[in-house]
Amino acid sequence: MQNDIKEVLYSEAQIQAKVKELGDQLSVDFEGRNPLVICVLKGAFIFMSDLVKAISVPLEIDFMAVSSYGQSTQSSGVVKIMKDLDVSVEGRDVLIVEDIIDSGLTLSYLIDVLEHRNAKSVTVVTLFDKPARRTVDLQPDYKGFTLPDEFVVGYGLDFAEKYRNLPYIGILKPHVYEK
Ligand SMILES: O=P(O)(O)OC[C@H]1O[C@H](OP(=O)(O)OP(=O)(O)O)[C@H](O)[C@@H]1O
Ligand SMILES: [Mg+2]
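Per chain, the residues get numbers from 1 upward, laid out in the order the sequence is written. Starting at A for chains and at 1 for ligands, labels are handed out in the order in which the entities are written. Where local features are concerned, this predicted model is filtered to residues with pLDDT of at least 70; where side-chain atom pairs are given and counted, the filter is 80 or more; whole-chain, interface and lining totals use all residues. The basis for every side-chain value is the complete set of non-hydrogen atoms in the structure, without hydrogens or water.

**Topic: the overall build of the protein chain**
(1) Moving on: Strands are runs of DSSP state E lasting at least 2 residues, helices are runs of H or I lasting at least 4, and numbering of each runs from the N terminus. Along the protein chain, the regular secondary structure elements total four helices and nine strands.
(2) Moving on: Along the chain direction, N to C, the helices and strands of the protein chain fall in the order β-α-β-α-β-β-β-α-β-β-β-β-α.
(3) Moving on: Throughout, the radius of gyration refers to the C-alpha atoms, and the reference size of a globule is 2.2 Å times the residue count to the power 0.38. For 179 residues, the compact-globule estimate of 2.2 N^0.38 gives 16 Å, and the protein chain sits close to it at 16 Å.
(4) Moving on: Its C-alpha atoms give the protein chain principal-axis dimensions of about 50 × 35 × 25 Å.
(5) Moving on: Note on classification: 1.4 Å probe, protein chains only; a residue is buried when its accessible area is under 20% of the maximum for its type, exposed when over 50%, partly exposed between these limits. Out of the 179 residues in the protein chain, the part that is buried amounts to 50%.
(6) Moving on: A contact between two residues is defined here by any heavy atoms of the two lying within 4.5 Å. If you take every contact in the protein chain between residues at least 6 apart in sequence, the share linking residues at least 24 apart comes to 68%.
(7) Moving on: Of the roughly 8700 Å² that the protein chain leaves accessible, carbon and sulfur atoms contribute 50%.
(8) Moving on: We score Asp and Glu as negative and Lys and Arg as positive, and we do not count His or the chain ends. For the purpose of locating charges, the reference atoms are NZ of Lys, CZ of Arg, CG of Asp and CD of Glu. Across the protein chain, 19 positive and 27 negative side-chain charges occur, with their mean positions spaced 4 Å apart. All accessible areas in this document rest on Shrake-Rupley with a 1.4 Å probe, and a residue is counted as covered only by the protein chains that are shown.

**So, the UniProt feature "domain: Phosphoribosyltransferase" (unreviewed entry) in the protein chain**
(1) Moving on: UniProt positions are given in the numbering used here, feature names are shortened, and annotations may be inferred rather than shown by experiment. Under the UniProt annotation, "domain: Phosphoribosyltransferase" (unreviewed entry) lies at residues 13-159.
(2) Moving on: The straight-line gap between the two end C-alpha atoms of residues 13-159 is 23 Å; of that span, 27% is helix and 29% is strand.

**Considering the side chain of Arg134**
(1) Moving on: Along the chain, the position of Arg134 falls in the loop between β6 (121-129) and β7 (142-146).
(2) Moving on: For Arg134, a relative accessible area of 18% corresponds to the buried category.
(3) Moving on: Here Lys130 takes part through its backbone oxygen, which lies 3.4 Å from a polar atom of the side chain of Arg134.
(4) Moving on: Pairs of N or O atoms are called polar contacts if they sit within 3.5 Å, as long as, within protein, a hydrogen donor faces a hydrogen acceptor (for residues adjacent in sequence, only side-chain-to-side-chain pairs). Among the polar contacts listed, one links the side chain of Arg134 to the backbone oxygen of Leu138, at a separation of 3.2 Å.
(5) Moving on: Excluding residues within four positions of it along the chain, Arg134 makes contact with Ile101, Asp102, Ser103, Gly104, Asp129 and Pro140.

**Considerations on the pattern of salt bridges**
Once their charged atoms are close, side chains differing in charge can pair, the charge on each being opposite to the other.
(1) Moving on: Criterion for a salt bridge: a side-chain nitrogen of Lys or Arg within 4 Å of a carboxyl oxygen of Asp or Glu. Going through the model one piece at a time under the given rule, you end up with 16 salt bridges.
(2) Moving on: In this structure, Asp129 engages Lys143 in a salt bridge whose closest nitrogen and oxygen atoms are separated by 3.0 Å. Separated by 14 residues along the polypeptide, Asp129 in strand β6 and Lys143 in strand β7 bring together distant segments of the chain.
(3) Moving on: Overall, Asp129 belongs to the buried group, its relative accessible area being 1%.
(4) Moving on: Linked by salt bridges that have partners in common, Lys42, Asp158, Glu161 and Arg164 make up one network.

**So, the sheet that holds strand β3 (residues 60-67)**
(1) Moving on: By the convention used here, strands pair only if DSSP detects at least 2 bridges between them. Taking strand neighbours across the sheet as the criterion, the six strands line up as β4-β3-β2-β5-β6-β7 in an open arrangement whose pairing is mixed. The outermost strands of the open sheet, each flanked by one partner alone, are β4 (80-83) and β7. For this sheet, the mean angle separating the axes of adjacent strands, direction not counted, is 30°.
(2) Moving on: Sheet analysis places β3 next to β4, joined by three bridges and oriented antiparallel. Bridge assignment links Val66 to a residue of β4, and that residue is Ile81.
(3) Moving on: Here helix α2 (residues 45-54) sits on the sheet and contacts β2 (36-41), β3, β5 (93-101) and β6; the angle it forms with β2, its principal contact strand, is near 155°. Every axis in this analysis is a line fitted to C-alpha atoms, fitted for helices over the stretch in contact. Angles between the N-to-C directions lie between 0 and 180 degrees.

Shown next, in the form of structure tokens:
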């Protein structure tokens, strides 16, 4: 697995420090609001579990699975809900937890869905942002790191379902997806 990585962008320690920083800030900003924290599966599962431990205010969690990349390094453009939320978002302060915003299509679709379901507020936190690839105008409210225009894997992010268990984030060698 390690042999398929061209370059490590952020180490496990750097990621942990950033997650702590985001958790501290969110704890201040969500004081007294009991947010519903939504994990966008599958990619965000590791970030979600580390982040909620770093948030000190009472909160509830739920999960939604969406997918648009499949076996490709480019978005299919079609965001499919594979698993919906268990609870209603009506009147709730929602915090969407994403691993990465790339084209922005996944998030703009999700925000639309949650606003139509009458969430009181929708806030987005992403660990990684790749602004160079954006096709829709969208900025996260909170972000960890800005990434170059490269396909990355690790810390939850996959290529064809592989590499999610790497504890760091790295650039995938192109020969892996070009073969
Ligand atoms: O901004 P975008 O271009 O929409 O890309 C970001 C989304 O793509 C990935 O999910 P993917 O569809 O690969 O599903 P997965 O989380 O199950 O890997 C990633 O986890 C984000 O949810
Ligand atoms: Mg994926």
